[in-house]
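# Examination of the molecular architecture
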Amino acid sequence: DRRPGSSVWGRCFAQWHLSRSDPSLLKFMCAELTRGYFLEHNEAKYTERRERVYTCMRIPKELERLMTFGMFLCLDAFLYVFTLLPLRMLLALLRFLTIPCCGLGGARLLQPAQVCDLLKGLIMILCFCMMHYVDYSMMYHLIRGQSVIKLYIIYNMLEVADRLFSSFGQDILDALYWTATEPKSRRRAHIGVIPHFFMAVFYVFLHAILIMVQASTLNVAFNSHNKSLLTIMMSNNFVEIKGSVFKKFEKNNLFQMSNSDIKERFTNFVLLLIVCLRNMEQFSWNSDHLWVLFPDVFMVVASEVAVDVVKHAFITKFNDLTADVYSEYRASLAIELLSSRQQNAYTDYSDSVARRMGFIPLPLAVLLIRVVISSVKIQGALASVCLLLFYLGLISLKVLNSVVLLGKSCKYVKQARMEQKLHERTAAATPSKSASRTPKHSHPPPGVERHVISVTKQPAPRAELITTCSPPLNPDPGHPPATPPTGVEAAEATAPPDSPELKQRFPKKDLLEIDRFTICGNRIG
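Criteria and thresholds
Residues numbered from 1 in each chain as written. Predicted model: local features only at pLDDT ≥ 70, side-chain atom pairs only at ≥ 80, totals over all residues. Heavy atoms only, no water. UniProt positions renumbered as here; feature names shortened; annotations may be inferred. Helix = DSSP H or I, 4+ residues; strand = E, 2+ residues; numbered from the N terminus. Buried < 20%, exposed > 50% of the residue type's maximum accessible area, 1.4 Å probe, protein only. Contact = heavy atoms within 4.5 Å. Areas by Shrake-Rupley, 256 points an atom, 1.4 Å probe, with all protein chains shown as cover. Core = buried A, V, L, I, M, F, W, Y, C linked by side-chain atoms within 4.5 Å. Axes fitted to C-alpha atoms, helices over the stretch in contact; angles between N-to-C directions. Left-handed = near helix turned anticlockwise from the far one by under 90°. Nonpolar A, V, L, I, M, F, W, Y, C, P; charged D, E, K, R; others polar. Expected span 1.5 Å × (residues − 1). Bend = angle between axes of the 7 residues up to and from the residue. Phe/Tyr/Trp six-rings, centres within 6.5 Å; stacked < 30°, edge-to-face > 60°. Lys NZ or Arg CZ within 6 Å of the ring centre and 35° of its normal.

Looking up the protein in an unreviewed UniProt entry gives the name Transmembrane anterior posterior transformation 1a, with the organism given as Denticeps clupeoides. In UniProt, the protein has this text filed under Sequence similarities (unreviewed entry): "Belongs to the TAPT1 family." Per UniProt, the comment on the protein under Subcellular location (unreviewed entry) is "Membrane".

Another point: the overall build of the protein. In terms of helices and strands, the protein carries 20 helices and zero strands. When burial is assessed residue by residue, the protein has 42% of its 525 residues classed as buried. Contacts in the protein between residues far apart in sequence, at least 24 positions, make up 83% of those at least 6 positions apart. As displayed, the protein offers around 30,900 Å² of accessible surface, 66% of which is attributable to carbon and sulfur atoms.

Quick look at the nonpolar core now. Of all hydrophobic cores here, the largest spans 106 residues; its most connected members are Ile123 and Phe222. Here this core takes 16 residues from helix H8 (residues 193-223), the largest share from any one element. Apart from the residues lying within four places of it in its own chain, the contact partners of phenylalanine 222 are Lys227, Leu230, Leu272, Val275, Leu293, Asp296, Val297 and Val300.

For the rest of this paragraph, the subject is the side chain of lysine 398. Its place among the elements puts lysine 398 in helix H15 (residues 381-415). Take lysine 398: its relative accessible area is 4%, and that puts it in the buried class. Excluding residues that lie within four positions of it along the chain, lysine 398 makes contacts with Asp76, Leu79, Tyr80, Thr83 and Leu84.

A few words now on the packing of helix H7 (residues 148-181) against helix H13 (residues 349-357). At a minimum axis distance of 11 Å, the contact between H7 and H13 shows a crossing angle of 145 degrees. Where H7 crosses over H13, the handedness of that crossing is left-handed. Contacts between H7 and H13 involve Gln170, Asp174 and Tyr177 from the first element and Asp351, Ala354 and Arg355 from the second. For the contact of H7 with H13, the class distribution of residues is two nonpolar, one polar and three charged.

Turning to helix H3 (residues 43-82), a few remarks are in order. Taking 1.5 Å as the rise per residue, H3 with 40 residues should run 58 Å; its terminal C-alpha atoms sit 58 Å apart, in good agreement. By the largest-angle criterion, arginine 58 marks the main kink of H3, which is about 35 degrees, and a proline, proline 60, follows within four residues.

Let's shift gears to the packing of aromatic side chains. If you walk through the whole model with that rule in mind, you get 12 aromatic pairs. On the numbers, 5.2 Å between centres and 85 degrees between planes, the contact of phenylalanine 69 with tyrosine 412 is edge-to-face. You can see phenylalanine 69 sitting in helix H3 and its partner tyrosine 412 sitting in helix H15, a full 343 residues away along the chain. Each of the two residues, phenylalanine 69 as well as tyrosine 412, counts as buried. One aromatic cluster is present, built from ring pairs that chain together Phe78, Phe82, Phe266 and Phe359. For lysine 45, the ring lying beneath its charged end belongs to tyrosine 46, and the centroid distance is 5.8 Å.

This part takes up the UniProt feature "transmembrane region" (unreviewed entry) in the protein. With numbering matched to this structure, UniProt assigns "transmembrane region" (unreviewed entry) to residues 66-83, 122-143, 193-213, 359-376 and 382-407. End-to-end, the C-alpha atoms of residues 66-83 are 25 Å apart, and along that stretch the chain is 94% helix and 0% strand. For residues 122-143, the helix share is 82%, the strand share is 0%, and the end-to-end C-alpha distance is 31 Å.

Given below as structure tokens:
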């Protein structure tokens, strides 16, 4: 009976159906080999992954361009201490000595910049004289007698102490400069110039000794037979990856860390120079020993570069940052350089680099002068002529470096289209200068608030100057007068700085306003 409703036909159909649906190893293998899928169904996801790979490939190039530009900025500030600062000191002393002959004529005894130059020179001279009582050889042998593990711990402690000294040292120097140049008409709210001066001398001396201990420890690592200490110190750089990569980083935090890496790399180069000078002196300046040191120097520099590249590559990957942020960082440093060259600049360029990157050149310069004088003996007229030619070469290098940096800075600012920020910084410093020239007994027009600010006073932040700047005396008739603030604007103007309304309106700080040493806490943590 082959009718569809019969029981025999039903059993045969059920058995055939079960044989078709019953899984087997052969069918499973066929299905796995012929299974297909389409990546374009999730095109956005795979495009994003590809862009991340391209970003990681671009990081080394963009990071090294930023590092190179930043290191030349540090080199410019470092060369300034050896080349232009002594000449500026001589000009300030010449002005001070010729005052009885020429008279003041209503002007200052010394300009604020000249006072700061004299203070820097006096600090360096006193610290250099004090460093003569520190025996470098005794310190080297004292460190060499310690165990490897103890030296590793000491080196880590020295790195932390160096960051702490850098974070507080520039504040000490800024306090000295401002105390010495503050207008006398203001109410005295400080302890005096002399206490601040001795605090600055004590700080520079201690920081120079700290860097000397670092250089001695690195020298011991270079001269050890099994190179175990050098290997451990280099492995410490890779521990830095673990402490930085898995943290949350905003764009501003990455900028701070990049500045700290620039300062650290430049300081390491100077330490390596000191180590090479000390070793070459011990081997009577034999050029063959320089090739013995070269592999260790190359290993230290290569590990530093590799750690920075890996660290920044993974930080940008985990925080969804593009490689273009490094171009913005480079433009921000360029704006700092260009702003310090303006006529209305309120700080020296070397101090600007110190605030931005945490690089203070005075202690490092004192130590380098101490090492060079103890390593190189200058005897005879020929040696004096060579020293003069070397000094002229340093001045030429400083001038050439400054000219190239100014040209590159203009180029970077134009490429990043940040000319407006440069104009804003220039305009923000202009009211301070114009207000300081106001006659003492002049009265401002009605409705215009009078601001008397000296040239030497540190200006307020940019946002504060914009809100407190008085309106122009002769407004343009072609433009309508400014409308009074609305209720929302008035509420924002009277709101405290910590109010949630202002935090919501201005959630992030500008890169150019990050000029303090918050890098210290990020790097130590």
